[in-house]
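Secondary and tertiary structure notes
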Amino acid sequence: MDPDPERSTKARAVFALGLVGFLTGAFVGGVIPATIALVLARQAARDAYAARGYLTGGAWIRRGRRLAWIGIVLALATLVVASIAGLLHLASSPAGPDFAPGTD
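Here goes a summary of the coordinates provided. The structure displayed is predicted, hence computed values, not measured ones. (Residues numbered from 1 in each chain as written. Predicted model: local features only at pLDDT ≥ 70, side-chain atom pairs only at ≥ 80, totals over all residues. Heavy atoms only, no water.)

**Some details on a nonpolar patch on the surface**
- There is a patch of nonpolar side chains on the surface, built from Leu-19, Phe-22, Leu-23, Ile-70 and Leu-74 and spanning about 390 Å² of accessible area.
- Elements that contribute at least two residues to the nonpolar patch include exactly helix H1 (9-23) and helix H3 (58-92).
- For the nonpolar patch, the leading source of residues is H1, giving 3 residues.
- Residue placement: Ile-70 occurs in helix H3.
- Under the relative-accessibility criterion, Ile-70 is labelled partly exposed at 41%. (Patch = residues over 30% accessible without salt bridge, like charges linked within 9 Å, V, L, I, M, F, W, Y side chains within 5 Å. Areas by Shrake-Rupley, 256 points an atom, 1.4 Å probe, with all protein chains shown as cover. Salt bridge = Lys/Arg side-chain N within 4 Å of Asp/Glu carboxyl O. Helix = DSSP H or I, 4+ residues; strand = E, 2+ residues; numbered from the N terminus. Buried < 20%, exposed > 50% of the residue type's maximum accessible area, 1.4 Å probe, protein only.)

**Some points on the nonpolar core**
- Formed by Ala-11, Val-14, Leu-40, Ala-41, Ala-44 and Ile-61, the largest nonpolar core amounts to 6 residues.
- Only H1 and helix H2 (31-50) provide two or more residues apiece to this core.
- When residues in this core are grouped by element, the largest group, 3 residues, is from H2.
- Excluding residues that lie within four positions of it along the chain, Leu-40 makes contacts with Lys-10, Ala-13, Val-14 and Leu-17.
- With 5 residues, the next largest nonpolar core counts Ala-34, Leu-38, Ala-68 and Ile-72 among its residues. (Core = buried A, V, L, I, M, F, W, Y, C linked by side-chain atoms within 4.5 Å. Contact = heavy atoms within 4.5 Å.)

Set out below in structure tokens:
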């Protein structure tokens, strides 16, 4: 008596969190759902392995994992661009006090 294969609910959650992480990754807030998606993906993959083929959703887990990593990369790229912009703004400002011409 083998059980019927069924889709993992964690796989859906991994995909949804990965998608949210991808969509909000450029706003740096996507790091949190992307990290949760990666942790949940590990658990879902372990559950699917332990179920010996009766728990499906491996494609959703892989897609969610990819989206989560893309979201994390987008957040890191945003931080790098913001840091460079801040450094360029800091470099363009005068270094010391600006005195009027003719002041010794």
